[in-house]
Amino acid sequence: MDPVERYLQKHFDLPSKNPSEEAQRRWRSAVGTLVKNRRRRFRMVPDLERRQQDEQTRRSIQEKIRIALYVQKAAIIFSDGAHKKEYQLTEDIMNAGFSINPDELASITSKHDMKALKMHGGVDGISKKIRSEFDRGISASDLDKRQSIYGINRYAEKPARSFWSFVWDALQDMTLIILMVCAVLSAVVGLASEGFPKGMYDGLGIILSILLVVMVTAISDYRQSLQFKELDNEKKKIFIHVTRDGSRQKISIYDLVVGDIVHLSIGDQAPADGLFIHGYSLLLDESSLSGESDPVYISKDKPFILAGTKVQDGSAKMLVTAVGMRTEWGRLMSTLSEGGEDETPLQVKLNGVATIIGKIGLVFATLTFVVLLVRFLIEKCLTVGLFKWYSTDALTIVNYFATAVTIIVVAVPEGLPLAVTLSLAFAMKQLMKEKALVRHLSACETMGSAGTICTDKTGTLTTNHMVVDKIWISEVSKSLADNNSLDGLNSDISSTTLTLLLQGIFENTSAEVVKDKDGTQTVIGTPTERAIVEFGLTLDGHDGEDRTCTKVKVEPFNSDKKKMAVLVSLPNGTYRWFSKGASEIVLEMCDMMVDGDGNSIPISEAQRKNILDTINSFACDALRTLCLAYKEVDEDFDDNAESPTSGFTLICIFGIKDPVRPGVKDAVKACMSAGIVVRMVTGDNINTAKAIAKECGILTDDGIAIEGPEFRNKSPEEMRDLIPKIQVMARSLPLDKHTLVTNLRGMFREVVAVTGDGTNDAPALHESDIGLAMGIAGTEVAKESADVIVLDDNFTTIINVARWGRAVYINIQKFVQFQLTVNIVALVINFVSACITGSAPLTAVQLLWVNMIMDTLGALALATEPPNDDMMKRPPVGRGESFITKVMWRNIIGQSLYQLVVLGALMFGGEQLLNIKGADSKSVINTLIFNSFVFCQVFNEINSREMQKINVFRGMISNWIFLGIIAVTVAFQVVIIEFLGTFASTVPLDWQLWLVSIGLGSISLIVGAILKCIPVESGGTSASPNGYAPLPSGPDNI
């Protein structure tokens, strides 16, 4: 490891996720004071002190809420005699048709005031006072009225920064401030010595250059801020189900109003304060609001639901009573600033690179100024003596100082860390178009290094459009490919069996059959539930409602138990449990089965074997298998007990078809080419999982498929041998996924991406390097724990995130290579010239223009290159690999040497070589040096598009941003040389010298091609940690 990389590893190494405060403070300390513009450089870096204050504020507010929730309940009991606040019904409220004051309504829920709730007639009374019906909800025509009286569901946010605030930030650059002072001094001295307007030109040129730099910088930063604001707004787009105008609708949380009937289920976050209407086993996590870790059980006796709390279990309907700033959550969120997102590893590493170069540049700038000053004093001593001073002498020293300061401007590459932000902002915007919402900056960057993707099956690899394809019932297996099959099924089973089947389908489900505005029926729920209910509707021919049964208790589906259950009361006074879930688990609970006549008979060993064979045959056809069973119970059951785990009677086995998504097989193949191992982690039957994995190309001959129970019983030593071979894990629990991720990261130092959609996936999403939540099937809890939300739930989208992640990493490497070359040449040429000739060939104005080419414009050109297919034909960059590779050093040193030789030859022999004579020969040669230097950078920018391949023009025509930057650079260079010579210290050049400048610059392309033929060890293409050999080279590598 080279000294630069050792220094970066020691001071500027940061984990991609959840960095410690100590690590964040370490790199800030290492940067020290060598920063030209702290406000701009650290604009995208969190303010740790502010974050600490916010955390203290949050805890303080949480403590107040906790006291309000837990202490005030006791106080209310003894508050009969105490003075209570009187709430008045204003004319506006009454004219709108409501009968309760907004503040009073909000206080009932926020203070858990049961006494006030009863005084208003309970939840029923409140609903009447706000004109809402439990079955129909509110009328959409009342929305404006409700928002004007009860408020909108938004909390106060800090206003967006204006463009001029970015201009002000850009002006905070210390070196630019010093240059402005120098410019003013230069103008004053110039006016005194040379008069107006000639004496103004040098100073005015510097000021105009500074203004140009500031405006270009501010425009770039402002555009970035707009992109991040747009992405931030996308993150906040959360949709919920409500009942309005008698129909179920999906609306944005921002459109929610008081009186809405909200449907809550596992993984949802309560979007407003409200009252529980009815539901089953509703368990809320209030830790984000009160700091209490114990979940709270909500029922009709404890009906208060607060905004910001998360549904940990169960489901419910809620009546909204307070929104926005009238909720505790709204008030809490409005008091906290957006403390800034954690810096990314690349941002930190490039801050380190900028610090190293800045220190070197400071030394060179100081030496340049000292050498120029000493030479000037020696010449002055030898000519007129040190005691005679003129105003021109002061002007010369000011110009020397301005040149030295400008060298620092060029040498301290403030643009390096900000180029990461620019590249990430561009990538995130493009990914939004490709259905991926990046929630954390570092995820986009880290995804490019991912070596393993642990993916779900259902909905990610498959389409999530499920239908019941086969059914086993009454010892008969039937395919349901067409309507005739359904008719045959109706005739083959008895009416008793059909009644049991339909009861089990419609009672034991989390799906709902709702009517749209046009009267058509729609099934709302998970794809699996929808498939079964739609099958039931087809079989039944009605709306699926069975009013002879009443639900008594519901146990929602749980990914740990892999089943769901419901207890219903029957008309004859008896009770019946229905259970549905993973086929092996439900079958294990059954000792009876329903025969062809609808009678319950014991399951013999032969029949059990036949049933298991049926399950396996369904699974081998890539069908998801679920069993449905029931159990009769007496009325003396325990209300608090869980559903029974034995004594059930098997009704049927469903085989549910969920086809593989188009394009998944190609995406998996692309992953293998890129050295990324895809592992399927699913809760499904192992045979179903293997069939789908083979179809996708995930399960290969040398890979293994394992079940969760077997995996979790392995010792650490066994896991070390087993994990590299695992390609499929079936019947897994969320804990198994978490264990697999932890071991891949810990034992094998892999960069791991994980997909998840359920609430229980949150720990694995949090533990992984990149957590990918599903946008359609994912719960709000999963999305909140994720780094990227895959909006279309498609595996191919995940590969696009990896492609853009690699593009970001490689683009930043290209930009660093380009900028370091400019740095080295500008520093050395000015220093050597100062030592030998006593003057710097590149003036302050010229260096400021070069700085803009290599900083803002260079970042725009190189850091926004879109990904190409070749990026997915190389192994991922492993943890701890050098950022500045040997390939980059080869290109940097080679191009720097060429440019130094060319510029040195022009500086010391240009007049003789090109036969330039006349009084202005010195000005012409200095202009030629400047022009050649700029064109060397223009062609080197093209060279930097490819670090290893000779063909640097591939894809350039389609990259209009790059072409635009090159065109603007060349056009402005022509303007500077031909028309702004007075300010830039240049003279117009004839066409021959323009050809010389362009020719010398274009030779950089030939030099680049020669350099790429020099073999060097490339850390990035060494043996992949996943065992994939690099692809052989061929014509595509040219």
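Rules of the game
- Residues numbered from 1 in each chain as written.
- Predicted model: local features only at pLDDT ≥ 70, side-chain atom pairs only at ≥ 80, totals over all residues.
- Heavy atoms only, no water.
- Helix = DSSP H or I, 4+ residues; strand = E, 2+ residues; numbered from the N terminus.
- Buried < 20%, exposed > 50% of the residue type's maximum accessible area, 1.4 Å probe, protein only.
- Areas by Shrake-Rupley, 256 points an atom, 1.4 Å probe, with all protein chains shown as cover.
- Lys, Arg positive; Asp, Glu negative; His and termini not counted.
- Charge placed at Lys NZ, Arg CZ, Asp CG, Glu CD.
- Pairing = 2+ DSSP bridges.
- Axes fitted to C-alpha atoms, helices over the stretch in contact; angles between N-to-C directions.
- UniProt positions renumbered as here; feature names shortened; annotations may be inferred.
- 1 Å grid on protein atoms, 1.4 Å probe; cavity = no way out; pocket = protein on both sides within 12 Å on 5 of 7 lines; lining within 4 Å.
- Points joined across faces, edges and corners; volume = space filled by probe spheres on them.
- Nonpolar A, V, L, I, M, F, W, Y, C, P; charged D, E, K, R; others polar.
- Contact = heavy atoms within 4.5 Å.
- Patch = residues over 30% accessible without salt bridge, like charges linked within 9 Å, V, L, I, M, F, W, Y side chains within 5 Å.
- Salt bridge = Lys/Arg side-chain N within 4 Å of Asp/Glu carboxyl O.
- Domains from an automatic or database assignment.
- Buried area = accessible area lost by both parts, 1.4 Å probe.
- Polar contact = N/O pair within 3.5 Å; in protein donor to acceptor, adjacent residues only side chain to side chain.
- Parallel < 35°, antiparallel > 145°, perpendicular 65-115°, else oblique.
- Left-handed = near helix turned anticlockwise from the far one by under 90°.
- Core = buried A, V, L, I, M, F, W, Y, C linked by side-chain atoms within 4.5 Å.
- Expected span 1.5 Å × (residues − 1).
- Arc of directions from axis to C-beta.
- Disulfide = S-S within 2.5 Å.
- pLDDT = per-residue confidence, 0-100.
- Phe/Tyr/Trp six-rings, centres within 6.5 Å; stacked < 30°, edge-to-face > 60°.
- Lys NZ or Arg CZ within 6 Å of the ring centre and 35° of its normal.

## A word on the overall build of the protein
Turning to step 1, where the next piece is worked out: From N to C terminus, the protein includes 38 helices and 26 strands.
Turning to step 2, where the next piece is worked out: Projected onto its principal axes, the C-alpha positions of the protein cover 120 × 75 × 50 Å.
Turning to step 3, where the next piece is worked out: Counting over 1038 residues, the protein shows a buried share of 55%.
Turning to step 4, where the next piece is worked out: When the accessible surface of the protein is split by element, carbon and sulfur atoms take 57% of a total near 43,400 Å².
Turning to step 5, where the next piece is worked out: Between the centroid of the 105 positive side chains of the protein and the centroid of its 120 negative side chains there is a distance of 6 Å.

## Examining the sheet that holds strand E23 (residues 726–730)
Turning to step 1, where the next piece is worked out: If you trace the eight strands from one edge of the open sheet to the other, you get E8-E26-E25-E24-E9-E21-E23-E22, paired in mixed fashion. Among the strands making up the open sheet, the edge pair consists of strand E8 (436–438) and strand E22 (704–707). Strand-to-strand twist across the sheet, computed as the mean angle between neighbouring axes with direction ignored, equals 20°.
Turning to step 2, where the next piece is worked out: Strand direction decides the pairing type here: strand E9 (residues 452–455) and strand E21 (residues 677–681), joined by four bridges, are parallel. Pairing of Ile453 across the sheet is with Val678, part of E21.

## Looking at the UniProt feature "transmembrane region" (unreviewed entry) in the protein
Turning to step 1, where the next piece is worked out: Residues annotated by UniProt as "transmembrane region" (unreviewed entry) correspond here to residues 174–193, 199–219, 356–378, 398–427, 820–842, 848–866, 960–985 and 991–1011.
Turning to step 2, where the next piece is worked out: A distance of 29 Å separates the end C-alpha atoms of residues 848–866, which is 79% helix and 0% strand.
Turning to step 3, where the next piece is worked out: Within residues 960–985, the helical portion is 92% and the strand portion 0%, while the C-alpha atoms at the span's ends are 32 Å from each other.

## A closer look at the UniProt feature "domain: Cation-transporting P-type ATPase N-terminal" (unreviewed entry) in the protein
Turning to step 1, where the next piece is worked out: Within this structure's numbering, the places UniProt gives as "domain: Cation-transporting P-type ATPase N-terminal" (unreviewed entry) are residues 119–191.
Turning to step 2, where the next piece is worked out: Secondary structure within residues 119–191 divides into 59% helix and 0% strand; the distance between the first and last C-alpha atoms comes to 85 Å.

## Considerations on empty space enclosed by the protein
Turning to step 1, where the next piece is worked out: Overall, the coordinates contain five cavities of 30 Å³ or more when judged by the stated rule.
Turning to step 2, where the next piece is worked out: Of the voids in this model, the largest cavity is the one considered here, and its volume is about 160 Å³.
Turning to step 3, where the next piece is worked out: Around the largest cavity, the lining is made up of 15 residues, and of these Arg40, Asp173, Val213, Thr217 and Asp855 lie nearest the centre.
Turning to step 4, where the next piece is worked out: Those elements that provide at least two residues to the lining of the largest cavity are helix H13 (201–235) and helix H33 (844–862).
Turning to step 5, where the next piece is worked out: It is H33 that contributes the most residues to the lining of the largest cavity, four residues altogether.
Turning to step 6, where the next piece is worked out: The residue makeup of the lining of the largest cavity, split by class, is six nonpolar, four polar and five charged.
Turning to step 7, where the next piece is worked out: Counted as a void, the second largest cavity has a volume near 70 Å³.

## Re the side chain of Thr460
Turning to step 1, where the next piece is worked out: If you trace the backbone, Thr460 turns up in the loop between E9 and strand E10 (467–473).
Turning to step 2, where the next piece is worked out: Residues in contact with Thr460, not counting those within four places in the same chain, are Thr455, Arg661, Val664, Met774, Asp793, Asn794, Phe795 and Ile798.

## Let's talk about a nonpolar patch on the surface
Turning to step 1, where the next piece is worked out: There is a patch of nonpolar side chains on the surface, built from Met174, Ile177, Val181 and Leu185 and spanning about 340 Å² of accessible area.
Turning to step 2, where the next piece is worked out: Position of Met174 relative to the elements: it lies in helix H12 (residues 174–194).

## Description of the domain arrangement of the protein
Turning to step 1, where the next piece is worked out: Considered domain by domain, the protein is made up of domain 1 (91–153 + 256–337), domain 2 (158–236), domain 3 (436–462 + 661–793) and domain 4 (467–657).
Turning to step 2, where the next piece is worked out: Each of domain 2 and domain 3 was reduced to a C-alpha centroid, and the two centroids are 48 Å apart.
Turning to step 3, where the next piece is worked out: Across the boundary between the two partners, domain 2 contributes four residues, which contact four residues of domain 3.
Turning to step 4, where the next piece is worked out: Summed over both sides, the interface between domain 2 and domain 3 buries roughly 330 Å², with carbon and sulfur atoms accounting for 74% of that surface.
Turning to step 5, where the next piece is worked out: Of all residues in domain 2, the largest losses of buried area upon contact with domain 3 belong to Phe228, Glu234 and Lys235, amounting jointly to 87% of the total for that side.
Turning to step 6, where the next piece is worked out: Inspection of the domain 2/domain 3 interface yields zero salt bridges.
Turning to step 7, where the next piece is worked out: Joining domain 2 to domain 3, the criterion identifies zero residue pairs in polar contact (both at pLDDT 80 or more).
Turning to step 8, where the next piece is worked out: Classifying every residue of the side of domain 2 that touches domain 3 by side-chain character gives two nonpolar, no polar and two charged.

## Here we look at helix H7 (residues 102–110)
Turning to step 1, where the next piece is worked out: Among the nine residues in H7, eight count as buried, and that is most of the element.
Turning to step 2, where the next piece is worked out: Count one or two residues on from H7 and you reach His112, which has phi positive near 50°.

## Brief notes about the packing of helix H1 (residues 3–11) against helix H16 (residues 345–383)
Turning to step 1, where the next piece is worked out: For the pair H1 and H16, the least separation of the axes is 10 Å and the interaxial angle reads 125°. Viewed along their axes, H1 and H16 adopt a mutual orientation that is oblique. Here the hand of the crossing between H1 and H16 comes out right-handed. Together, Val4, Glu5, Tyr7 and Leu8 of H1 and Lys349, Gly352, Val353, Thr355, Ile356 and Lys359 of H16 make up the contact between the two elements.

## Structural notes on the nonpolar core
Turning to step 1, where the next piece is worked out: Leu179, Met447, Ile453, Ile770, Phe795, Ile812 and Val816 are the most contacted members of the largest nonpolar core, which totals 169 residues.
Turning to step 2, where the next piece is worked out: Taken domain by domain, the makeup of this core includes at least three residues from each of domain 2 (158–236) and domain 3 (436–462 + 661–793).
Turning to step 3, where the next piece is worked out: Counting 40 residues, the second-largest nonpolar core is a separate cluster that includes Ile130, Ala272, Val311 and Ala316.

## Observations regarding the packing of helix H21 (residues 495–507) against helix H22 (residues 527–540)
Turning to step 1, where the next piece is worked out: Close contact between H21 and H22 brings their axes to 9 Å; oriented N to C, the two are set at 145°. Seen along the crossing, H21 lies across H22 with a hand that is left-handed. Contact residues: Leu498, Leu501, Leu502, Ile505 and Phe506 in H21; Ile532, Val533, Phe535, Gly536, Leu537, Leu539 and Asp540 in H22.
Turning to step 2, where the next piece is worked out: Grouping the constituent residues of the contact of H21 with H22 by class yields ten nonpolar, one polar and one charged.

## A look at helix H24 (residues 605–620)
Each α-helix turn comprises 3.6 residues. Residues three or four places apart therefore point the same way.
Turning to step 1, where the next piece is worked out: Helix length check: H24, at 16 residues, gives a terminal C-alpha distance of 22 Å against a target of 22 Å (1.5 Å per residue), a fit within 8%.
Turning to step 2, where the next piece is worked out: Taken together, the buried positions of H24 are Gln607, Ile611, Thr614, Ile615, Phe618 and Ala619. Taken around the axis of H24, the buried residues stretch over an arc of 135°, which confines them to a single face. More than 90 degrees from the buried face of H24, the exposed residues found are Glu605, Ala606, Lys609 and Cys620.
Turning to step 3, where the next piece is worked out: After H24 finishes, the residue Ala622 shows a positive phi value of roughly 65°.

## Concerning the pattern of salt bridges
Once their charged atoms are close, side chains differing in charge can pair, the charge on each being opposite to the other.
Turning to step 1, where the next piece is worked out: Inspection of the entire model under this criterion finds 31 salt bridges.
Turning to step 2, where the next piece is worked out: Across the pair Glu379 and Arg375 runs a salt bridge, and its minimum N-O distance is 4.0 Å. Of the two residues, Glu379 and Arg375 are both situated in helix H16; the distance of four residues between them amounts to about one turn of the helix.
Turning to step 3, where the next piece is worked out: The class for Glu379 is partly exposed, based on a relative accessible area of 45%.

## A look at unusual backbone geometry
Turning to step 1, where the next piece is worked out: Of note, the phi angle at His112 is positive, near 50°, even though the residue is not glycine.
Turning to step 2, where the next piece is worked out: Position of His112 among the secondary structure elements: in the loop between H7 and helix H8 (114–119).
Turning to step 3, where the next piece is worked out: Here His112 falls in the buried class, since its relative accessible area comes to 13%.
Turning to step 4, where the next piece is worked out: In the Ramachandran plot, Ser985 falls in the positive-phi region, its phi being about 60° despite a non-glycine side chain.
Turning to step 5, where the next piece is worked out: Structurally, Ser985 can be placed in the loop between helix H37 (981–984) and helix H38 (991–1011).

## Side note on the state of the cysteines
Turning to step 1, where the next piece is worked out: Here the structure, examined in full by the defined rule, presents zero disulfides.
Turning to step 2, where the next piece is worked out: You can see Cys696 has no disulfide; the closest cysteine sulfur is in Cys671, sitting 11 Å from it.

## Remarks on the confidence of the model for the protein
Turning to step 1, where the next piece is worked out: Per-residue confidence for the protein gives a mean pLDDT of 85; residues scoring 70 or more make up 94%.
Turning to step 2, where the next piece is worked out: Ignoring residues within four places in sequence, the model shows residues 1019–1036, a span with pLDDT below 50, making 27 contacts including any to other chains.

## Some thoughts on the packing of aromatic side chains
Each aromatic ring pair is summarised here by two numbers: the centre-to-centre distance and the angle between the ring planes.
Turning to step 1, where the next piece is worked out: As enumerated under the stated definition, the model contains 14 aromatic pairs in all.
Turning to step 2, where the next piece is worked out: An angle of 65° between the planes, with centres 5.2 Å apart, marks the rings of Phe98 and Tyr150 as edge-to-face. One end of the pair, Phe98, is in the loop between helix H6 (91–95) and H7; the other, Tyr150, is in helix H10 (residues 143–150), and 52 residues separate them in sequence.
Turning to step 3, where the next piece is worked out: The exposure class of Tyr150 is buried, given its relative accessible area of 1%.
Turning to step 4, where the next piece is worked out: Ring centres of Phe578 and Tyr630 lie 6.5 Å apart, and the angle between their planes is 45°; on these two criteria the pair is classed as tilted. Remark: Tyr630 occurs in strand E19 (residues 623–633) and Phe578 occurs in strand E16 (residues 575–582); sequence separation between them is 52 residues. Per residue, the accessibility class of Phe578 equals that of Tyr630, and both read buried.
Turning to step 5, where the next piece is worked out: In textbook terms, an aromatic cluster arises when at least three aromatic residues are bridged by ring pairs, as seen for Phe163, Trp164, Phe166 and Tyr222.
Turning to step 6, where the next piece is worked out: Cation over ring: Arg154 sits above Tyr254, and NZ or CZ is 3.9 Å from the ring centre.

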